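# Geometric and topological summary
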Amino acid sequence: MKPMIKIEGLTKRYGQHTVVDNLSFDCSAGEVLGFLGPNGAGKSTTMKMVTGFVAPSSGNASVCGHDIATDALAARRKLGYLPEGAPCYPEMTPRTFLEFIADIRELSGDRRKKRLAEVIERLHLEPVLNQSIDTLSKGFKRRVGLAQAILHDPQVLILDEPTDGLDPNQKHEVRQLIRSMAADKLIVISTHILEEVEAVCSRAIIISAGRILADDSPRRLAAQSRYHNAVRVTVSDAGSFDAVHAAIGQLPSVDRTETDRDHLTITALAKSGSNNAATLHQVSRLMTDKGWNVAGLQLETGRLDEVFRQITGGAMA
Amino acid sequence: MNMIKALFRRELMSYFATPVAYVFIVIFLVLMGTFTFYLGGFYERGQADLMPFFSFHPWLYLFLVPAIAMRLWAEERKTGSVELLMTLPITAWQAVLGKYLAAWAFTGIALILTFPIWITVNYLGDPDNGVIFAAYIGSFLMAGGFLAIGACLSAITRNQVIAFVLTVVVSFGFLLSGFPMVLDLFSGWAPQSIVDGIASLSFLTHFSSISKGVIDLRDLVYFGLLISAFLYANTIVLQWKQAD
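Worth saying up front: this structure is predicted, and the values here are computed from it rather than measured.

Attention now moves to the overall build of chain A. Regarding its fold elements, chain A presents 11 helices and 14 strands. With the principal axes as the frame, chain A shows a C-alpha extent of 70 × 45 × 35 Å. Out of the 317 residues belonging to chain A, those deemed buried represent 52%. Across chain A, the fraction of contacts at a sequence separation of at least 24, relative to all contacts at a separation of at least 6, is 67%. For chain A, the exposed surface amounts to about 14100 Å²; the carbon and sulfur share of it is 46%.

Written as structure tokens, this is what we have:
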């Protein structure tokens with residue numbers, strides 16, 4: 001399949017400072033690409049270059065085969081973009097604002113009506129349609145920005161921190177929206193919320209200081225975590241805590257253990273290369289054999305936040 | 001063309017969505033009236049023309065037009081909406097023209113609302129309406145000139161106050177470029193042809209000939225070129241900011 005976004009050697013320098021350093025990658029339809037990195041890693045700058053708002057110092061980017069520098073209008077027609085902070089025209093109402101965007105996107109007739117109705121419904125903008133954007137809550141403002149980005153049903157959607165400032169319910173809805181649109185589009189989101197990456201992304205690129213440090217599926221990235229295949233046991237009786245701890249530490253596939261006495265949990269880290277469920281199996285058998293009461297037993301797939309910290313050099317911690 | 005129309009509509013609508021438009025129009029009309037009747041001695045002159053009215057336009061525009069122009073780009077930059085605007089499928093030219101024409105149309109609306117003075121002078125006497133019409137055209141063109149300067153300078157900064165002050169200073173230079181205050185800066189060292197060239201850039205000279213009822217092609221070309229040059233500079237500034 002032809003890549004929908006193709007980035008080659010993209011670089012942005014401000015004076016001596018290199019913000020984005022020789023970035024190259026492709027992505028295609030059906031992907032939800034999560035762009036992760038500590039603040040100041042160059043996520044937003046990269047997005048600004050791909051959408052043509054900022055001109056790169058060197059390198060190039062193309063959207064659906066249209067170079068963003070030489071064929072900007074064609075590239076932008078394929079794009080929906082939510083800039084960082086979801087800027088809008090504060091004096092307009094969501095209705096007049098979306099109609100303006102529909103004019104610029106050259107939507108007309110039935111399709112225009114249908115698209116407007118659809119985004120208004122999907123982002124639940126009905127109650128505030130005729131209120132000035134200025135007076136809206138942060139959540140509504142963000143949704144107006146999202147509505148604007150998806151209005152023309154673009155093939156490529158670039159969202160810079162789409163759920164920033166939303167409450168947990170709204171976050172959940174926006175993630176559902178992203179997932180529901182993912183099938184035939186390319187969606188690129190930047191975020192520093194790692195649970196979001198696990199929830200919606202099929203691919204994650206971690207960048208720091210303008211360079212790509214990791215590029216893989218969130219699942220495989222998480223598998224790099226030392227918590228991959230770890231088993232967490234919560235004992236129900238504080239008296240048996242030390243005995244359980246000691247016994248788990250002796251199990252063949254357990255590398256070492258971590259404890260949390262306040263919550264009565266013991267985490268058994270699997271030895272690298274051990275079979276998926278081996279540790280879980282051994283721990284659960286141990287507990288039944290000894291007749292210890294267990295309040296919880298959980299297999300971990302790995303912690304993305306830990307991998308993130310490890311990869312980006314702990315700058316975030 | 002449709003793009004420019006959409007941008008124009010949005011921009012013009014946004015003037016009227018906030019108190020800015022109403023405050024501006026009221027102040028514009030009050031100042032026009034005050035200047036015409038008190039400083040201009042409209043009644044005392046005993047002549048049925050609008051010279052006292054039009055002669056204050058350059059000075060009022062000097063401060064009021066930059067107030068309209070300062071928000072054009074500086075505000076977009078401040079709120080970040082410029083990023084939204086410039087990543088839509090429009091060219092820099094369309095954005096510049098759409099916004100500029102909206103601001104110009106807005107000053108046109110303010111200018112049209114001065115019509116009671118025209119009614120007054122027609123009621124009191126028998127003025128030459130051709131001259132008055134020409135002067136209105138001249139005044140509108142001059143407002144367009146000030147606006148183009150302001151639009152271009154507004155794109156340089158995200159701070160509206162800076163945009164305002166820069167525009168007033170540059171406009172003041174253009175207004176007075178036929179006067180010793182500006183010419184003396186050059187006459188000491190520059191060749192006479194350059195000094196003459198600068199003198200011919202004066203808004204006042206070009207406006208005053210139109211406002212006497214003489215619509216000379218040269219004056220129209222002058223304002224047309226001035227506006228085009230500053231709007232062109234405006235697109236250059238936008239592209240330059242993009243690379244920045």
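Now that the structure has been shown, the text picks up again.
This next bit is on the overall build of chain B. Of regular secondary structure, chain B possesses 14 helices and 0 strands. Ordered by position from N to C terminus, the α and β elements of chain B give α-α-α-α-α-α-α-α-α-α-α-α-α-α. By the compact-globule yardstick of 18 Å for 244 residues, chain B fits well, its C-alpha radius of gyration being 19 Å. Overall, the C-alpha framework of chain B stretches about 60 × 50 × 30 Å when taken along its three principal axes. Burial status across chain B gives 50% buried among its 244 residues. Counting only contacts in chain B whose residues sit at least 6 apart along the sequence, the fraction spanning at least 24 positions is 75%.

Our focus in this paragraph is the nonpolar core. Of all hydrophobic cores here, the largest spans 157 residues; its most connected members are F97 of chain A together with W73 and F203 of chain B. Considering every element that reaches this core, the biggest residue donor is helix α9 (residues 129-154) of chain B, with 13 residues. Sequence-distant contacts of W73 of chain B, that is, excluding residues within four places in its chain, are made with V82, L85, M86, A95, V96, K99, A151, S154, A155, N234 and L238 of chain B.

Before going further, it helps to spend a moment on the sheet that holds strand β12 (residues 254-260) of chain A. Residues and elements named next belong to chain A. Spatially, the 4 strands line up as an open sheet ordered β12-β13-β11-β14, and their pairing is antiparallel. The sheet is open, and its two borders are formed by β12 and β14 (294-299), each paired with just one other strand. The average undirected angle you get between the axes of adjacent strands in this sheet is 15°. Taken together, the 5 bridges between strand β11 (residues 231-235) and β14 define a ladder with antiparallel strand orientation. Counterpart to V231 in the pairing with β14 is L299. Lying on the sheet, helix α9 (residues 241-249) is in contact with β11, β12 and β13 (265-270); it crosses β12 at an angle near 160°. Against the sheet, helix α10 (residues 278-290) engages β11, β12, β13 and β14, with an angle of about 20° to β11.

Attention now moves to the side chain of K43 of chain A. Residues and elements named next belong to chain A. Position of K43 relative to the elements: it lies in helix α1 (residues 43-50). A polar contact of 3.4 Å, which involves the side chain of K43, links it to the backbone oxygen of P38. Those residues within four positions of K43 in sequence are excluded, and the remaining contacts are F35, L36, G37, P38, S190, T191, H192 and I207.

With that settled, consider the packing of helix α5 (residues 71-79) of chain B against helix α7 (residues 92-112) of chain B. All names here are of chain B. Following both chains from N to C, one finds α5 and α7 inclined at 120°, their axes separated by 11 Å at the closest point. When the axis of α5 is compared with that of α7, the two are oblique. Here L72, W73 and E76 of α5 lie close against α7, whose contacting residues are A95, V96, K99 and A103. Among the residues forming the contact of α5 with α7, the class breakdown is 5 nonpolar, no polar and 2 charged.

Turning our attention to the interface of chain B and chain A. Each partner contributes to the interface: chain B provides 26 residues, whereas chain A provides 27 residues. In this assembly, chain B packs against chain A so that about 2500 Å² is buried in total across both faces, 66% of it on carbon and sulfur atoms. For chain B, the biggest contributors to the area lost against chain A are E83, L84 and P89 of chain B; these three give 26% of the whole. Here E83 of chain B and K48 of chain A are joined by a salt bridge, their closest N and O atoms 2.9 Å apart. Across the contact surface, chain B and chain A share 10 residue pairs in polar contact (both at pLDDT 80 or more). Secondary-structure elements contributing two or more residues to the side of chain B that touches chain A are α1 (2-17), α5, α6 (81-86) and α14 (217-243) of chain B. With 8 residues, α1 of chain B is the single largest residue contributor to the side of chain B that touches chain A.

On to the pairing of β13 of chain A, then. Walk down a regular strand and you will see the side chains alternate between the two sheet faces. Residues and elements named next belong to chain A. Of all the 6 residues making up β13, 6 are buried; the element is thus mostly covered by neighbouring parts of the structure. Here β13 shows a buried face lined by T265, T267 and L269 and a second buried face lined by I266, A268 and A270. By the bridge criterion, 4 bridges tie β11 to β13 in an arrangement that is antiparallel. Its bridge partner lying in β13, T234 is registered against T265.

Residues and elements named next belong to chain A. In total, this model carries 23 salt bridges over all chains according to the counting rule given. With a closest N to O distance of 2.8 Å, R211 and D21 form a salt bridge. Taken together, the residues R211 in strand β10 (residues 211-216) and D21 in strand β2 (residues 17-27) connect sequence positions 190 residues apart. Note on R211: relative accessible area 48%, which makes it partly exposed. Among the salt bridges present, the one from R175 reaches E195, with a minimum N-O distance of 3.7 Å. Here the residue R175 occupies a position in helix α6 (residues 168-181), and E195 occupies one in helix α7 (residues 194-200), the gap between them amounting to 20 residues.

Here we take up the packing of aromatic side chains. Under the criterion given, the structure shown has 22 aromatic pairs over all chains. Consider the rings of Y89 of chain A and F100 of chain A, whose centres lie 6.3 Å apart with planes at 80°: the pair is edge-to-face. Remark: F100 of chain A occurs in helix α3 (residues 94-104) and Y89 of chain A occurs in the loop between β6 (79-82) and α3; sequence separation between them is 11 residues. By the burial criterion, Y89 of chain A is buried, and F100 of chain A matches it. Pairing F54 of chain B with Y136 of chain B gives two aromatic rings, centres 5.1 Å apart and planes at 90°, and the pair type is edge-to-face. With F54 of chain B in helix α3 (residues 51-54) and Y136 of chain B in helix α9, this pair connects stretches of sequence that are 82 residues apart. Residue placement shows R143 of chain A over the ring face of F140 of chain A; its charged tip is 4.3 Å from the ring centre. Across from the ring centre of W73 of chain B, 5.1 Å away, lies the NZ or CZ of K99 of chain B, which sits over that ring.

Definitions and cut-offs
- Residues numbered from 1 in each chain as written.
- Chains lettered and ligands numbered in written order.
- Predicted model: local features only at pLDDT ≥ 70, side-chain atom pairs only at ≥ 80, totals over all residues.
- Heavy atoms only, no water.
- Helix = DSSP H or I, 4+ residues; strand = E, 2+ residues; numbered from the N terminus.
- Buried < 20%, exposed > 50% of the residue type's maximum accessible area, 1.4 Å probe, protein only.
- Contact = heavy atoms within 4.5 Å.
- Areas by Shrake-Rupley, 256 points an atom, 1.4 Å probe, with all protein chains shown as cover.
- Rg over C-alpha atoms; globule rule 2.2 N^0.38 Å.
- Core = buried A, V, L, I, M, F, W, Y, C linked by side-chain atoms within 4.5 Å.
- Pairing = 2+ DSSP bridges.
- Axes fitted to C-alpha atoms, helices over the stretch in contact; angles between N-to-C directions.
- Polar contact = N/O pair within 3.5 Å; in protein donor to acceptor, adjacent residues only side chain to side chain.
- Parallel < 35°, antiparallel > 145°, perpendicular 65-115°, else oblique.
- Nonpolar A, V, L, I, M, F, W, Y, C, P; charged D, E, K, R; others polar.
- Buried area = accessible area lost by both parts, 1.4 Å probe.
- Salt bridge = Lys/Arg side-chain N within 4 Å of Asp/Glu carboxyl O.
- Phe/Tyr/Trp six-rings, centres within 6.5 Å; stacked < 30°, edge-to-face > 60°.
- Lys NZ or Arg CZ within 6 Å of the ring centre and 35° of its normal.

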